[in-house]
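One-letter residues, chain by chain:
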Number of protein chains: 2
Amino acid sequence: MRVSVLFSGGKDSSIAAILLERFFEVELVTCSFSVLPVGDVARETAKRLGFPHRVVRLDMQALEQAYELLIQDGFPKRAIDHIHLTAIKTLASDKDVVFIADGIRRDDRVPVPEMSQIRSIEDRYGVSYMSPLKGFGRVAVNELVRQHLVIEEGQSENVIKADYETELRELIRTRAGAQRISELFPSHIQSRVIERKKVSGKELQTICTHD
Amino acid sequence: MRVSVLFSGGKDSSIAAILLERFFEVELVTCSFSVLPVGDVARETAKRLGFPHRVVRLDMQALEQAYELLIQDGFPKRAIDHIHLTAIKTLASDKDVVFIADGIRRDDRVPVPEMSQIRSIEDRYGVSYMSPLKGFGRVAVNELVRQHLVIEEGQSENVIKADYETELRELIRTRAGAQRISELFPSHIQSRVIERKKVSGKELQTICTHD
């Protein structure tokens, strides 16, 4: 069974993929409106993690709608939720995709899809959506990251990422100026994955023990 | 790092443990009020899964409180939630316990702990609580079960389990008669774990590939 993991190049979607690799054949999928070459950034990270990767182009209309929501609200929650749901729907409509996953954690405030919308997509397209980190708090996710990844952290403006925010920020920059970005987006710590740690002998032994 | 997984002998807590074994040293913990020998039932299953197991005795007062809630409400949600939270608190107050997990899934209606209560327990006791299946829907959990477990399913009254319901039902039986049980508890399909499937060569290879 294959799972398509929505991949931003950040630690959360990386750990989600690592958590699932034992149960599914993982492919990383980066969604992009082709406003910036975010797919290329993500591809580099995917290579370091050792997973196959592809870029899926999203309909530009969804970015325009997200832009409208962001301007209306003055903060990005609904805009990011809209792009995220568009990404899930776009993947779900691919007839070769059955399992879709993302890196959403228990304590994330955005994106957080409505369960009613998710169930509707699952029923309509015959797919199954997973957020493997949804039951993990900050300390637990940090522990998984510590075991498996070498990361670099920084303010969101200094780390190039392939998340939903990146292209939306770029659209704001071209239409309303760089100043407007910092008014609309809270500054937060972003992570970039430098490399994946080798699987330890102990870890392999744990799984092999039952064999 | 060790994780204590609340264990009922059912497929959900079994799969939660299997999901976590790659990242943590797993111990299975069955909570019991010693009304029935549920710890012994769970120990047998734990042995088949290949995990260490212990029984933790819960304060009988919590079962009395759950009984009151059940009689007041006429359905078991608040009662089961109360026992579940008591189990988490009891484990959290053990100074050797840092990570606590359970088998709650995305679509479960009970038990579902309030996040505010969970965060309060995490802060107060310095523990981290995880529900590794919280981001998995029915189809996805079934896929994990298919890969790893041989299970038997049946109506809840016919399968002996070590879940929170079992001892509460027994208390109802002794105080109000067997008839009252079926009025208070909806009949639902329960699962029992027969054995664990061997880890496949392909699965090991997937994880080893990066090494």
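Residues numbered from 1 in each chain as written. Chains lettered and ligands numbered in written order. Predicted model: local features only at pLDDT ≥ 70, side-chain atom pairs only at ≥ 80, totals over all residues.

Enquirer: Looking at this model, I keep getting lost on the overall build of chain A. Mind explaining?
Expert: Looking only at helices and strands, one finds nine helices and seven strands in chain A. Taken over C-alpha atoms, the radius of gyration comes to 17 Å for chain A, in line with the 17 Å a tight globule of 211 residues would show. A principal-axis box enclosing the C-alpha atoms of chain A has dimensions of 60 × 40 × 30 Å. With 211 residues in all, chain A has 42% of them scored as buried. A sequence separation of at least 24 residues applies to 75% of the contacts in chain A between residues at least 6 apart. (Helix = DSSP H or I, 4+ residues; strand = E, 2+ residues; numbered from the N terminus. Rg over C-alpha atoms; globule rule 2.2 N^0.38 Å. Buried ≥ 20, exposed ≤ 12 C-beta atoms within 10 Å, placed from the backbone. Contact = placed C-beta atoms within 7 Å.)

Enquirer: Explain the environment of Leu49 of chain B here, please?
Expert: All names here are of chain B. Along the chain, the position of Leu49 falls in helix 2 (residues 38-49). The class for Leu49 is buried, based on 22 C-beta atoms found within 10 Å. Apart from residues no more than four positions distant in its own chain, Leu49 is found in contact with Ser14, Ala17, Val193 and Arg196.

Enquirer: Can you help me understand the pairing of strand 3 (residues 53-57) of chain B in this one?
Expert: Within a regular beta strand, the side chains point alternately toward one face of the sheet and then the other, so they alternate between its two faces. Bridging between strand 2 (residues 25-32) of chain B and strand 3 of chain B involves five bridges; their strand directions are parallel. Looking at strand 3 of chain B, one finds that Ser32 of chain B is bridged to Arg57 of chain B. (Pairing = 2+ DSSP bridges.)

Enquirer: Is there a simple way to explain the sheet that holds strand 5 (residues 128-130) of chain A in this structure?
Expert: Two pairing modes exist for strands in a sheet, parallel and antiparallel, and in both the strands are linked by backbone hydrogen bonds. All names here are of chain A. In space, the five strands of this open sheet follow the order 3-2-1-4-5, with parallel pairing throughout. Each of the sheet's edge strands pairs with one partner strand only, and the pair in question is strand 3 (53-57) and strand 5. The mean inter-strand angle of the sheet, taken between neighbouring strand axes irrespective of direction, is 30°. One ladder, built from three bridges, connects strand 4 (residues 99-101) with strand 5; its direction is parallel. Bridge pairing in strand 5 places Ala101 opposite Met130. (Axes fitted to C-alpha atoms, helices over the stretch in contact; angles between N-to-C directions.)

Enquirer: Quick question: what am I supposed to make of helix 3 (residues 60-73) of chain B here?
Expert: Residues separated by three or four positions in an α-helix point in the same direction, a consequence of the helix having 3.6 residues per turn. All names here are of chain B. Along its 14 residues, helix 3 runs 20 Å from first to last C-alpha, staying within 8% of the 20 Å computed at 1.5 Å per residue. Looking at the buried side of helix 3, the elements it contacts are helix 4 (77-92), helix 7 (164-176) and helix 8 (178-184). After helix 3 finishes, the residue Gly74 shows a positive phi value of roughly 85°. (Expected span 1.5 Å × (residues − 1).)

Enquirer: I'm lost on the packing of helix 4 (residues 77-92) of chain A against helix 5 (residues 115-125) of chain A in this one. Help?
Expert: Any two packed helices are characterised by how steeply their axes cross, that is the angle between the axes, and by the distance between the axes. Residue and element names in this part refer to chain A. The interhelical angle for the contact between helix 4 and helix 5, taken along N-to-C directions, is 15°, at an axis separation of 10 Å. What the angle tells us is that helix 4 and helix 5 run roughly parallel. The way helix 4 lies across helix 5 gives a crossing that is right-handed. Along the contact surface, helix 4 presents Leu85, Ile88, Lys89 and Ala92, while helix 5 presents Gln117, Ile121 and Tyr125. (Parallel < 35°, antiparallel > 145°, perpendicular 65-115°, else oblique. Left-handed = near helix turned anticlockwise from the far one by under 90°.)

Enquirer: Just checking my understanding: could you explain the sheet that holds strand 2 of chain B for this structure?
Expert: All names here are of chain B. In spatial order, the strands read 3-2-1-4-5; together these five strands make up an open sheet with parallel pairing. Two strands in the sheet have a free side with no partner beyond their single neighbour: strand 3 and strand 5 (128-130). Ignoring which end each strand starts from, the neighbouring axes of this sheet average 30° apart.

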